[in-house]
Amino acid sequence: MTEPLTISQPSATRWVRCEAFTDDEAFRKAFEAAVGIAPPKPLTWAVAKDGRVLWAEVKAWLVEADAEPLAERLQDVAAISDVSHAWRAIDVKGSNWRELLAHETTLDAYSPTLAPGAVVAGLWSHVPVMVLVRSETEITLYGPPSLAHYLSEALHHLAGWV
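Since we're looking at a predicted model, the values are computed, not measured. (Residues numbered from 1 in each chain as written. Predicted model: local features only at pLDDT ≥ 70, side-chain atom pairs only at ≥ 80, totals over all residues. Heavy atoms only, no water.)

Describe helix α4 (residues 148-159), with residues and values.
The end-to-end C-alpha distance of α4 is 16 Å, a good match for the 16 Å that 12 residues give at a rise of 1.5 Å each. Of the surrounding elements, those touching the buried residues of α4 are β1 (6-7), β8 (88-93), α3 (97-102), β9 (119-124), β10 (127-135) and β11 (138-143). (Helix = DSSP H or I, 4+ residues; strand = E, 2+ residues; numbered from the N terminus. Expected span 1.5 Å × (residues − 1). Contact = heavy atoms within 4.5 Å.)

Break down unusual backbone geometry for me, citing the residues and quoting the values.
Outside of glycine, negative phi angles account for most residues, and trans bonds account for most peptide bonds. Not every positive phi belongs to a glycine, and glutamate 104 is a case in point at roughly 50°. Position of glutamate 104 among the secondary structure elements: in the loop between α3 and β9. The exposure class assigned to glutamate 104 is partly exposed, which follows from its relative accessible area of 46%. In this structure, histidine 126 takes a positive phi of about 70° despite not being glycine. Relative to the elements of secondary structure, histidine 126 occurs in the loop between β9 and β10. (Buried < 20%, exposed > 50% of the residue type's maximum accessible area, 1.4 Å probe, protein only.)

Quick rundown of the domain arrangement of the protein? Include the residues and the values.
Often, the extent of an interface is quoted as the loss of accessible area upon association of its parts. As far as domains go, the protein holds domain 1 (6-11 + 86-159) and domain 2 (14-82). Taking only C-alpha atoms into account, the centre of domain 1 sits 23 Å from that of domain 2. Domain 1 puts 10 residues into the contact, and the matching count from domain 2 is eight residues. Contact between domain 1 and domain 2 buries roughly 820 Å² in total, counting both sides, with carbon and sulfur atoms accounting for 65%. Scanning the region where domain 1 abuts domain 2 turns up zero salt bridges. Viewed at the interface, domain 2 and domain 1 are joined by four residue pairs in polar contact (both at pLDDT 80 or more). Of all the secondary-structure elements, those providing two or more residues to the side of domain 1 that touches domain 2 are β10 and β11. Broken down by element, the residue count for the side of domain 1 that touches domain 2 peaks at four residues, all from β10. When the residues that make up the side of domain 1 that touches domain 2 are grouped by side-chain class, the tally is seven nonpolar, two polar and one charged. (Domains from an automatic or database assignment. Buried area = accessible area lost by both parts, 1.4 Å probe. Salt bridge = Lys/Arg side-chain N within 4 Å of Asp/Glu carboxyl O. Polar contact = N/O pair within 3.5 Å; in protein donor to acceptor, adjacent residues only side chain to side chain. Nonpolar A, V, L, I, M, F, W, Y, C, P; charged D, E, K, R; others polar.)

Here's what the structure looks like:
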């Protein structure tokens, strides 16, 4: 028997979008000096000195940080935008999170690429989400604030069925 899923309430984020002008050696060196780690490879995330860093798209990463100091350090190589207002986080814990995620989604919840360290984007219950796989038993879903409570309610409702 699997343990019951636990699903957090939506919480605020500290995401800062870092978009490289050119994804070159100068950018990567400046990013690592400013953030503490090299930019994660596509579809992955890692932990830096101040929080998580995840690949968002080609030449763009999301960094848990304060925007102003990051902008000062990277102004010559990247555009920095505070996008914390654009996301809410919901943590899901339990060994059957894949079964929960498999409902109402465009994501392949059982894909072997959806392993710890992965980040993917898609739709879940008609809501655009990013899914960050923290471990075999933990994920964080990021969705828009306007739909975060709906997303949380839908997750809680379906958790009773998986």
